[in-house]
Amino acid sequence: MLEIRKMNLEDFDQIKKSLETDFDNFWSPSVLEMSLKYEDSFYLVAILDNEIVGFAGYRVILDTADIENIVVKKSFRNKNIGTKLFEALIESIENSKIKIINLEVNQENTVAIKLYKNFGFKEQGIRKNYYKNHTNALLMQKNL
Ligand SMILES: CC(C)(COP(=O)(O)OP(=O)(O)OC[C@H]1O[C@@H](n2cnc3c(N)ncnc32)[C@H](O)[C@@H]1OP(=O)(O)O)[C@@H](O)C(=O)NCCC(=O)NCCS
């Protein structure tokens, strides 16, 4: 059964060596490690049979939450884990005083965009040439 709980630094230690090969499309391991230490960040981890299969987190800025990351282990994608993880993350935000959730996603990342739209995120604008490979970022927002 899929377990979803708060992510801690021991979880990070467990996956740090495999982050770049088994997960992808997130910042560097050191940035993730730093995020886990910030008091205004909140991360969840998804665990299946003792294996970490995904994580997701946001950072609070005043009354908004910025989604920083949602990543499912490559071999576990398209099995609803991202949906469950995101659902739990949004629930934790809804239980706080936060009013707006922001995120940015590569305009070519159709799966992530589908996931966000499923949770009621709306397109807010585009940042051209935002990523290293000159692809655009799509800015999305959900009001609570
Ligand atoms: C984005 C990501 C977290 C989604 O996690 P996931 O567990 O694979 O997603 P789910 O299985 O919950 O599927 C979410 C939706 O996308 C659809 N989907 C998933 N994989 C798909 C695929 N390969 N092709 C088409 N649709 C797909 C699902 O059908 C579902 O939509 P539905 O509920 O309307 O049917 C995952 O693909 C990932 O880790 N990607 C790399 C990291 C990344 O890009 N993160 C986003 C950064 S902003």
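Refer to the structure printed above.
Described in the following lines is the structure provided in the data block. Values in this document were obtained by computation on a predicted structure and should not be read as measured data.

Criteria and cut-off values
- Residues numbered from 1 in each chain as written.
- Predicted model: local features only at pLDDT ≥ 70, side-chain atom pairs only at ≥ 80, totals over all residues.
- Heavy atoms only, no water.
- Salt bridge = Lys/Arg side-chain N within 4 Å of Asp/Glu carboxyl O.
- Buried < 20%, exposed > 50% of the residue type's maximum accessible area, 1.4 Å probe, protein only.
- Helix = DSSP H or I, 4+ residues; strand = E, 2+ residues; numbered from the N terminus.
- Pairing = 2+ DSSP bridges.
- Right-handed = clockwise from strand over helix to strand, strands pointing away.

What the rule picks out here adds up to eight salt bridges. The shortest N-O distance in the salt bridge between Asp-11 and Arg-5 comes to 2.8 Å. Note that Asp-13 is salt-bridged to Lys-16, the shortest N-O span being 3.4 Å. Note on Lys-16: relative accessible area 38%, which makes it partly exposed. When salt bridges that share partners are traced, they join Glu-3, Arg-5 and Asp-11 into one network.

Counting buried positions over the nine residues of strand 4 (residues 64-72) gives eight, a clear majority of the element. Bridge count for strand 3 (residues 51-61) against strand 4 is eight bridges, and the pairing is antiparallel. Counted as the bridge partner of Ala-56 is Ile-70 from strand 4. Relative to strand 5 (residues 100-106), strand 4 runs parallel, the two sharing three bridges. Paired with Thr-64 across the strands is Ile-100, a residue of strand 5. Crossover handedness for the path strand 4 to helix 4 (residues 81-94) to strand 5: right-handed.

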